[in-house]
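Structural overview for review
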Amino acid sequence: MELSVNHQALAYLASAILFIFALKGLTHPATARRGNMYGMLGMAIAIGATLMGAEVQSYGFIIAGVLAGAVIGGILAARIQMTAMPQLVAALHSFVGMAAVLVAIGTFLNKAAANALNPVLMGELSAGVIIGAITFTGSVIAFGKLQGLISGQPVKFAGQHALNAAIALATLALGVHFAMTGSGWSLALMTLLAFTLGVTLIIPIGGADMPVIISMLNSYSGWAAAATGFTLQNNLLIIVGALVGFSGAILSFIMCKAMNRSIFNVVFGGFGSGDAGGGDSAGAQAAAKGVKSASVEDAVYWMEDANKVIIVPGYGMAVSQAQHSVKELMELLNARGVEVKFAIHPVAGRMPGHMNVLLAEADIPYDAVQEMDEINPEFATADVCLVVGANDVVNPAAKTDKSSPIYGMPILEAGRARQVYFLKRSMRPGYSGVDNLLFYQDNTSLVFGDAKDTIEGMCTALKGGGH
Amino acid sequence: MSETLLAFYVFVLACFIGYYVIWGVTPSLHTPLVALTNAISGIVIVGALLVTGLESAGTTAELMGFLAVLLASINVFGGFLVTHRMLSMFKKKAK
């Protein structure tokens, strides 16, 4: 059976609508799984309609490619650790970018063979290649940083911005030249430069900014798909590309706002590189006062008779794989009639919403997990706040110390709880390199040790102790 | 109106849909959102199929198309399945 062009267009429309419903499903955890199903159905329709169209005549390579992709994708999805989600996402972004480049060049070869090239088409091809190539190498670098294959430190050198600008201009100029002349050399050189630009754009960005970078590359991968849609005159690709592009852009915006930084600041200025204030800063003064440390038993003593305990998890919790122990602690406290809530800062973890997934993996119900704006008024009524592997996101310096690099960043107001127990491995500062003023507050005590061991110790004490 | 301009219309309107739909997504599902958008941006597979399946496609174009099909297919399957796996973990409090 062969689908007519009009029928195919209708199938694409159905597919586009299903994708919109898929995203709409993520409005609430209860509808999200159905949304994902809509997405799968939409994709199946899109692929089916394309294969049944008149343009696709040979199937050998296609079947091989789809099957191999299904096996590899299925294994990746089944095996990946939730802590490693950001790496998987970065890898998948790079695939979209590379696929867009390959499709654009393949289209060029096919159209050239059929003598069907024109300047508009070649202009669109250039856009597809440039965006796709930047997405590819950018995502590869992001993957390397997340996986620890290359240093997460910002790589900076003099004249970096000038160099990037020069590469970008040269890439664009080659794109225009290619569109006007159809020169294969321009195309090749432009592709090469765009690959380089992806590297030089992402390499100066530090590990702490990964949530923004993941979102930004997510956005790029959407724009790459949209550009491919323009090349192929395919409205489905254009619609989906726009949806994904905007999704990533909005996430980048949310992440930047949660760090009180502009996207330009993230892209063009590495974090933690600035001078962290003079010796007279509040941080330095407080440091002289020293900090209190507490034992596991002290913390348990306060928690077991509390009405409400708020736990602030950070990436450190994931690193020490403490989320399952945290779940046990929650259950033990719940059994004693203590209300336990989790407070999530938008940039906690290595990608947007990362902590939520890690808590969900540990079987912590999502209605116990709250976002910053929801939970902030509740800290004042909490008896105990337990900070597990978070740091900068609870630092009051963001509100009080104008000289602090994180000044102005919205924070979780952990310090308003009656007692704050800060689980820490050492006195090392957070990602921003800023000293945490919360350590020195009167109601704060530090519990030193590995987060997982400490929480397990608390669980044992709660089980054993029958005060 | 030229075909390209029509495509541009579609693009701009789709941007508006994207804007309003994405702001509605709950922050707790932002990781599944990234994974799902990843899966659906695997829609470039349609372009890859068109390049590969063209009867007159030369060997180079066919090979490029095959690679593109493979990569996009990893995205589609990997993206949807991992999103499903994550969403299955989100549970309400058992009462």
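Before reading further, recall that the structure is shown in the block above.
Since we're looking at a predicted model, the values are computed, not measured. (Residues numbered from 1 in each chain as written. Chains lettered and ligands numbered in written order. Predicted model: local features only at pLDDT ≥ 70, side-chain atom pairs only at ≥ 80, totals over all residues. Heavy atoms only, no water.)

1. Details of the overall build of chain A
Across its full length, chain A holds 18 helices and 6 strands. Projected onto its principal axes, the C-alpha positions of chain A cover 85 × 55 × 35 Å. Here chain A, with 467 residues, has 57% of them falling under the buried criterion. Sequence separation of 24 or more characterises 78% of the internal contacts of chain A that already satisfy a separation of 6 or more. Taking the 25 positively charged and 29 negatively charged side chains of chain A as two groups, their mean positions are separated by 3 Å. (Helix = DSSP H or I, 4+ residues; strand = E, 2+ residues; numbered from the N terminus. Buried < 20%, exposed > 50% of the residue type's maximum accessible area, 1.4 Å probe, protein only. Contact = heavy atoms within 4.5 Å. Lys, Arg positive; Asp, Glu negative; His and termini not counted. Charge placed at Lys NZ, Arg CZ, Asp CG, Glu CD.)

2. Quick word on the packing of aromatic side chains
Residue and element names in this part refer to chain B. All told, the structure shown has 15 aromatic pairs over all chains when counted by the stated rule. Ring centres 6.4 Å apart and planes at 70 degrees place the aromatic pair tyrosine 19 and tryptophan 23 in the edge-to-face group. With tyrosine 19 and tryptophan 23 both in helix H1 (residues 3-23) and 4 residues apart, the pair spans about one turn of that helix. With a relative accessible area of 38%, tryptophan 23 lands in the partly exposed category. (Phe/Tyr/Trp six-rings, centres within 6.5 Å; stacked < 30°, edge-to-face > 60°.)

3. Quick notes on the packing of helix H4 (residues 85-113) of chain A against helix H3 (residues 44-53) of chain B
Packing of H4 of chain A against H3 of chain B brings their axes to within 9 Å, and their N-to-C directions diverge by 30 degrees. When the interaxial angle is binned, H4 of chain A and H3 of chain B end up roughly parallel. H4 of chain A and H3 of chain B meet at a crossing whose hand is left-handed. Of H3 of chain B, the residues touching H4 of chain A (which contributes Val96, Ala99, Val103, Gly106, Thr107 and Asn110 of chain A) are Val44, Gly47, Ala48 and Val51 of chain B. Taken together, the residues of the contact of H4 of chain A with H3 of chain B break down into 6 nonpolar, 4 polar and no charged. (Axes fitted to C-alpha atoms, helices over the stretch in contact; angles between N-to-C directions. Parallel < 35°, antiparallel > 145°, perpendicular 65-115°, else oblique. Left-handed = near helix turned anticlockwise from the far one by under 90°. Nonpolar A, V, L, I, M, F, W, Y, C, P; charged D, E, K, R; others polar.)

4. Structural notes on the interface of chain B and chain A
At the junction of the two partners, chain B supplies 81 residues and chain A supplies 100 residues. At the boundary of chain B with chain A, total buried surface from both sides reaches about 8200 Å², with 78% on carbon and sulfur atoms. Counting the contacts that link chain B with chain A gives 1 salt bridge. Lysine 91 of chain B is paired through a salt bridge with aspartate 363 of chain A; the nearest N and O atoms lie 3.2 Å apart. Looking at the side of chain B that touches chain A residue by residue, the class counts come to 51 nonpolar, 23 polar and 7 charged. (Buried area = accessible area lost by both parts, 1.4 Å probe. Salt bridge = Lys/Arg side-chain N within 4 Å of Asp/Glu carboxyl O.)

5. What about empty space enclosed by the protein?
For the coordinates displayed, the defined rule picks out 1 cavity of 30 Å³ or more. Estimates place the volume of the largest cavity at around 40 Å³. In this structure, the largest cavity is lined by Asn356, Leu359, Ala360, Ile364, Pro365, Tyr366 and Val369 of chain A together with Ser28 and Phe90 of chain B. No other element matches helix H15 (residues 354-361) of chain A, which puts 3 residues into the lining of the largest cavity. Counted by class, the lining of the largest cavity contains 7 nonpolar, 2 polar and no charged residues. (1 Å grid on protein atoms, 1.4 Å probe; cavity = no way out; pocket = protein on both sides within 12 Å on 5 of 7 lines; lining within 4 Å. Points joined across faces, edges and corners; volume = space filled by probe spheres on them.)

6. What about the packing of H4 of chain A against helix H5 (residues 119-147) of chain A?
Two quantities define a packed helix pair, namely the angle between the axes and the distance from one axis to the other. Residue and element names in this part refer to chain A. Where H4 contacts H5, the two axes come as close as 7 Å, and the packing angle between them is 155 degrees. Looking at the two axes, H4 sits roughly antiparallel to H5. Handedness of the H4/H5 crossing: left-handed.

7. Brief notes about the nonpolar core
Core analysis: the biggest nonpolar cluster contains 189 residues, and Met85, Phe342 and Leu386 of chain A together with Ile43 of chain B have the highest contact counts within it. Sorting elements by how many residues they give to this core places H4 of chain A first, with 14 residues. Those residues in contact with isoleucine 43 of chain B, other than ones at most four positions away along the chain, are Phe19, Met43, Ala46, Ala225, Leu236, Leu237 and Val240 of chain A. (Core = buried A, V, L, I, M, F, W, Y, C linked by side-chain atoms within 4.5 Å.)

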